[in-house]
Structures are given as C-alpha cells and as structure tokens.
Amino acid sequence: MVADVVIAGAGPNGLMLACELRLAGVHPVVLERLPEPRRENRANGLVGQVVRMLDHRGLYQPLAGKAEPPLPIPAFFFGAVPMDLHMLDDNPFYLLPVPQTRIERVLAERAAELGVEVRWGHELTGLSQHADTVNVEVTGPNGRYEISSRYVVGADGAHSTTRKLAGIGFPGAASDDIVTRIAEVAVPDEFVDPATGRLNLPVYGYISPMYHRTEQGVFAYARLPAGPDMVFTVEWTTGGIDTDASLTLEELHDSIYRVMGADLPLRPPDVRGPDRVDRSIVVNTRLADRYRDGRGPHRLDRSIGVNTRLADRYRDGRVPLVGDAAHVHFVIGGPGLNLGLQDAVNLGWKLAATIRGAAPPGLLDTYDAERRPVGERVAMHSQAQLALLAPGTEVTALRELFTELLRDQHTVAHIANMMAGADIRYEMGVRDTHQLVGRWAPDLLLETDNGPVRLAELTTTARPLLLDLTEDASLTTAADGWRDRVDTVTAHTEDASTTGLLLRPDCYIAWATDTSCPDHHDRESLRTALTTWFGPYSMTGC
Ligand SMILES: Cc1cc2nc3c(=O)[nH]c(=O)nc-3n(C[C@H](O)[C@H](O)[C@H](O)COP(=O)(O)OP(=O)(O)OC[C@H]3O[C@@H](n4cnc5c(N)ncnc54)[C@H](O)[C@@H]3O)c2cc1C
C-alpha cells in the first residue's frame, strides 16, 4: 500500500483534489503521463461560483495577484445575448481572467507545499478493484510497475482511461458539423480602439470584445492584456475543409469573411512578453495544429465537432471521476473549471473522511447525488447556448425573443445564477426549511475576539465549521462531542439575522438558524446535522 488515493491526472482538477485530500489528512499520489507541467494553455479564465470557492481556500489572491476579495462583474452573455448584471440585487457572476497554465502552476505549488507527491511521466494503464483496495498498473520512465491504494480517482480528462477501465459509460450528444477555429494572431493596431479594446471591423463597424453571432456563424475577438489578439470563429459546415491539412491564417481569414462579411487582415503575433510562449495550445481535436513564426509557438487550431457527454455515474466502487473525465460540453461561457474544480472540492472531504473511517453511512454516495445533477445542468445550458448561436432566421427570431427576455430582472437572475452555479441547493436532510440550508455560505463580515475577519478567511483549512453568532455562544456547547472534527468560531455580524451556521468543508451550509426561527437555539437539530455529515457524538470530541 503506497497511497490512500491514487489520482490519475495532474490537470487543474486532479491537483485541486490532491490539495483537498491533503488538507483533510490523507495522502494522495498523483500520476501524470506528461513528463512535465504542460505549457499549452486552454482556459483564459474562471467564471462563476468557482471564483468564490478559490477565495474560500486562499487561492484567489495568488491567482488574481491582489489582496482584495473578488467582486462580481457588471455584464456577461448567454449564447452571445448580452446580460446586464447591474440590475441584480445579488449579482452571482464572478470572473477571474487568468490563463489555465497559471491556474495549474499555482495549484501545483500549493500541492507541493502541502506535501503532495506528483509523479510526472507516469501513466495509469490498468486498474483492478478488490474488496478493500484498487491495484493500479503504471507505466513510468523506468518501465511498468504496480501500486495499490484505497481509491483511484480519474482526473485524466475527457478521454479518461480510468473511466474506461472502470466501465463507466460516457453517453451524450455529438454535433459533427460544427467547425471551431481559434488562433492567436496580430490584428493591425489601426483596427483596434486602444481605449476600449473594440475592434473596427471593415463594413461591420466597431464591435466589443465578446461573441458575435450572425446568420452565418459566430465570431469573437479579444486583445489580451499581456498577450496576443485572440480570434475565434464557429461555423456549421465542414464543407470544403481539407481535413488532412492544418489550419492556416488564410483559412481563418476566409472564415471571418464568411461569418462577418468583413475583410480583416491577420498576421502571426509579435512576441510581447515571457508569458507568450505559454499560450500555445493543442485542443482535443482530430485536426489540431499550431504554427511557429520563428520566435515561439502560437495557438492556431481547428476542431471539428462538439461533444456534450456526462458519465453515467460519477463513481464505480472505489473509482470516482472528477472534471472532464466526468463531463464534456461546449466551451462557451467557460463552465468547465467552474464545474470541475467544485467536483474536486465536493469529493475531497468526503473521500478523506471515508478513508479515515470517520464518514457517516452513505457520505461518499452524496458525491454522485450532488454533483451529477450540476453536470446535467451545465450540459443543458451549454447546449441551449449552442442552439442560440446556430445559423438561420429561426434562430435569429429566437435570439430577438431572448434579448427581450433578458431585459427582465428575474430572468437575468435565473440565467445568471444557473450559469454561475449559484443556484445549487444540495439536499441536507435536516432543517431544509431554512433558506440558507444547502446553499453556498455567504461571505459574512465577522467580528471575532481576534478582530474582523471574512467568513472566507475561516474556511481555508477545509475543515467543518460551526459559526456561533448567538449573544451567549450557546451553540458552541451543543457541538461538544464533535470538536475533534468540527471547528467552532464565536463571532458577531451586522450582515444578517443569522445566529448560527454549520458549514461543510466545501462551504455549503448543512444547518442554519436565525432570530426568526422560533427554536433558534435548537440544539437537537444542530446535533442531527453534525451526526448526518460528520458522524456520531464521540467522547474524544468533547
Ligand atoms: C480551447 C479550450 C478553451 C477552454 N476555455 C475554458 C475557459 O475559458 N474556462 C473554463 O473554465 N474552462 C475552459 N475550458 C475547459 C477546461 O480547459 C477543462 O475543463 C479542464 O482542462 C479540465 O481539467 P481536468 O483536470 O479535468 O482535465 P485535463 O486538463 O484534461 O487534465 C487531465 C490530465 O490527465 C493526464 N492524463 C490523461 N490520461 C492519463 C493517464 N492514463 N495517466 C496519467 N495521466 C493522464 C493528462 O496528461 C492531463 O494532464 C477550455 C477547454 C478548451 C479545450
């Protein structure tokens, strides 16, 4: 036995899970088939609830490069239909515009600080489940070997070997006629307004840096602060493509012309800074390629087809899946890491408690029960957005309707909460009638004996937390018997009428009470919640 958990894949979700497991006291070994951290970039940012989650783990600040907490953004889009988020009283939309290479670097550094072993150049090639263990076959730089562990997690991406070896199906839909082209290019400066970043597209006029849909397809442009210009098109035909040939600038130029009717000059990007060489990419595509301008690799890719798939179960016995191994979907709106990183945070503490023998019955089952519906919802809204981007006059009519609907505050709130993943409400089984139970914990500003603190700053240890906001700290004693597993903080807040919150390590509220509850010191229901999520009363916890 060499590890509590073997994680296949040192992508963002495997690394995040490794950190969560270490925080919860178990020892993962991460196998990564690449010989070193990948240099190719994928995501250009994180969108939604995941930004707050990273703040609650102390990871937002190193990623954002600033000390302030995250703030919601004023506008976003649904299927390239703009949404004005100003109109929302409680805007759930957070954005962290950092490249995935940087996210992976920060997570790898955090994992190293926590003592996680990452074996670069080691590929999981086989597994067999037994009553108490899983045997894993690995091919490493010095040949094949086997290790044994209590659990094996598939964080090995869309084509997950772990998922296939565990016999977990990956059903879904494929749209084979969609062609996506993406490139790092240089657009001549005279076409870009330096003050706003807007592109002056010949014939079309000024357009803002977001997705634009016409009856011929989709175009997007962005001038990245320290990097090149990004150009992106989507078309609904594979006709005329030489699938054996790589994407060229001419092909991209012609695609923009077909979609927008504009003749936009493109050339290979200049090298403007050290980050530039990190920004090449090979996407999961049959036709991925890149070009070199003699000074470094740049992203120039064509991919054919869009897959929307969800694992038919998120765990088979001792083999759970996280991230792209469990779900793939269209990339619009950037839901991938919002979904995957929160899978990892949901699974980490449950798996650790199970391995430590501290889990109440059925705890690990709640991973699939809670996270698979969230994946289904992303599959739904990413497909809905794809439909809104498709060519045709009927779609244009549908978009007009959506444009009208998205002037309504309630509709914007509904869609924004769905896209951000802020509408999640997990079944907690106890006192579900309180409006906060099952929901993400609000970032209350608290006054403690040690001074003011945000709730997010109390959750970085990833331990269960009882927040006692009563005048007489009367909830704290009710948690005697769980002190070995649950931290307690007494505090005051002006932010809410809340008098008590019990947070799971993933920062979802397992129990809550406030001044309006007739039984707001209901110790019995608190103890029921403690037992449900963290196991029974124990003398060692007193
Ligand atoms: C072009 C593009 C743009 C995107 N833009 C965004 C965006 O803006 N925002 C967003 O949130 N998401 C975006 N995504 C999605 C995001 O990149 C993925 O959701 C994310 O990379 C998934 O992380 P992961 O850790 O699950 O898998 P991966 O990142 O795929 O990592 C899996 C790792 O497992 C390793 N591996 C595979 N097989 C084995 C094996 N058998 N043994 C050991 N190791 C193995 C791989 O080498 C890899 O390092 C984008 C994706 C693409 C392709």
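Residues numbered from 1 in each chain as written. Predicted model: local features only at pLDDT ≥ 70, side-chain atom pairs only at ≥ 80, totals over all residues. Heavy atoms only, no water.

(A) The site of the ligand, seen in detail. Close contacts around the ligand come from 30 residues, with Asn-13, Glu-32, Arg-38, Gln-100 and Leu-337 the closest. The side chain of Arg-42 places a nitrogen or oxygen atom 3.1 Å from an oxygen atom of the ligand. Within the backbone of Gly-334, one N or O atom sits 3.2 Å away from an oxygen atom of the ligand. Out of a free accessible area of 1000 Å², the ligand has 90% covered by protein chains. The set of elements that each furnish at least two residues to the shell around the ligand consists of helix H1 (12-23), strand E2 (28-32), strand E8 (123-129) and helix H7 (336-356). Partitioned by chemical class, the residues of the shell around the ligand number ten nonpolar, twelve polar and eight charged. (Near = heavy atom within 4 Å. Polar contact = N/O pair within 3.5 Å; in protein donor to acceptor, adjacent residues only side chain to side chain. Areas by Shrake-Rupley, 256 points an atom, 1.4 Å probe, with all protein chains shown as cover. Helix = DSSP H or I, 4+ residues; strand = E, 2+ residues; numbered from the N terminus. Nonpolar A, V, L, I, M, F, W, Y, C, P; charged D, E, K, R; others polar.)

(B) Representation of unusual backbone geometry in the model. A positive phi angle, near 75°, is found at Val-203, a position not held by glycine. With relative accessibility at 81%, the residue Val-203 sits in the exposed group. A positive phi angle is found at Cys-507, which is not glycine, with a value near 70°. Considering the arrangement of structural elements, one finds Cys-507 in the loop between strand E26 (498-503) and strand E27 (509-514). (Buried < 20%, exposed > 50% of the residue type's maximum accessible area, 1.4 Å probe, protein only.)

(C) Region of the structure containing helix H10 (residues 409-420). Here H10 contains twelve residues, and its C-alpha end-to-end distance of 16 Å stays within 8% of the 16 Å for a straight helix at 1.5 Å per residue. Within the sequence span of H10, burial applies to Val-412, Ile-415, Ala-416, Met-418, Met-419 and Ala-420. Measuring from the side-chain oxygen of the N-cap residue of H10 to the backbone nitrogen of His-410 gives 3.2 Å; that N-cap residue is Asp-408. Looking at the residues trailing H10, positive phi occurs at Gly-421, about 75°. (Expected span 1.5 Å × (residues − 1).)

(D) View of the state of the cysteines. Tallied over the entire structure, the rule returns zero disulfides. Of all cysteine sulfurs, the one in Cys-19 lies closest to Cys-507, which takes part in no disulfide; the gap is 15 Å. Using a relative accessible area of 2% as the deciding quantity, one classes Cys-507 as buried. (Disulfide = S-S within 2.5 Å.)

(E) A nonpolar patch on the surface, seen in detail. The grouping of Leu-398, Leu-401 and Leu-405 at the surface amounts to a nonpolar patch, some 230 Å² of accessible area in total. Mapped onto the elements of the fold, Leu-398 is located in helix H9 (residues 393-405). Classification of Leu-398 by relative accessible area gives partly exposed; the value is 36%. (Patch = residues over 30% accessible without salt bridge, like charges linked within 9 Å, V, L, I, M, F, W, Y side chains within 5 Å. Salt bridge = Lys/Arg side-chain N within 4 Å of Asp/Glu carboxyl O.)

(F) Expanded view of the packing of aromatic side chains. The full count for this structure, using the stated rule, is eleven aromatic pairs. Where Tyr-211 meets Phe-232, the ring centres are 5.6 Å apart and the plane angle is 80°; that geometry is what we call edge-to-face. On the criterion of sequence distance, the pair formed by Tyr-211 in strand E14 (residues 211-214) and Phe-232 in strand E16 (residues 229-235) is long-range, its members being 21 residues apart. The pair Tyr-211 / Phe-232 is uniform in exposure class, with both members buried. Measuring from centroid to centroid gives 5.8 Å for Trp-482 and Tyr-537, while their planes differ by 80°, and the two rings are edge-to-face. With Trp-482 in the loop between helix H11 (474-478) and strand E25 (487-490) and Tyr-537 in the segment after helix H12 (523-534), this residue pair connects regions lying 55 residues apart in the sequence. Taken together, the ring pairs connect Phe-76, Phe-77, Phe-93, Tyr-211 and Phe-232 into an aromatic cluster. A cation over a ring is seen here: Arg-318 above Tyr-151, with NZ or CZ 4.9 Å from the ring centre. (Phe/Tyr/Trp six-rings, centres within 6.5 Å; stacked < 30°, edge-to-face > 60°. Lys NZ or Arg CZ within 6 Å of the ring centre and 35° of its normal.)

(G) Examining the environment of Ile-207 more closely. Inspection of the secondary structure assignment puts Ile-207 in strand E13 (residues 205-207). The buried category is assigned to Ile-207, whose relative accessible area is 4%. On a C-alpha basis, the gap between Ile-207 and Glu-235 in space is 19 Å, while along the polypeptide they are 28 residues apart. Residues within four places of Ile-207 in sequence aside, it is in contact with Arg-198, Leu-199, Leu-201, His-212, Phe-219 and Met-260. (Contact = heavy atoms within 4.5 Å.)

(H) Just the packing of H1 against helix H4 (residues 100-113), in detail. As a packed pair, H1 and H4 sit with axes 9 Å apart at the nearest point and diverge in direction by 25°. Considered as vectors, H1 and H4 are oriented roughly parallel to each other. In the crossing of H1 with H4, the sense of the turn from one axis to the other is left-handed. On H4, the residues that touch Pro-12, Leu-15, Met-16 and Cys-19 of H1 are Gln-100, Glu-104, Leu-107, Ala-108, Arg-110 and Ala-111. Looking at the contact of H1 with H4 residue by residue, the class counts come to seven nonpolar, one polar and two charged. (Axes fitted to C-alpha atoms, helices over the stretch in contact; angles between N-to-C directions. Parallel < 35°, antiparallel > 145°, perpendicular 65-115°, else oblique. Left-handed = near helix turned anticlockwise from the far one by under 90°.)

(I) Structural view of the sheet that holds E26. Ordered in space as E25-E24-E26-E27, the four strands form an open sheet in which the pairing is mixed. Edge strands, defined here as strands with exactly one partner in the open sheet, are E25 and E27. Between one strand and the next, the sheet's axes are offset by a mean angle of 10°, whatever the strand orientation. Relative to E25, strand E24 (residues 465-468) is paired through four bridges, and the arrangement is parallel. Along E25, the bridge assignment pairs Asp-468 with Thr-490. (Pairing = 2+ DSSP bridges.)

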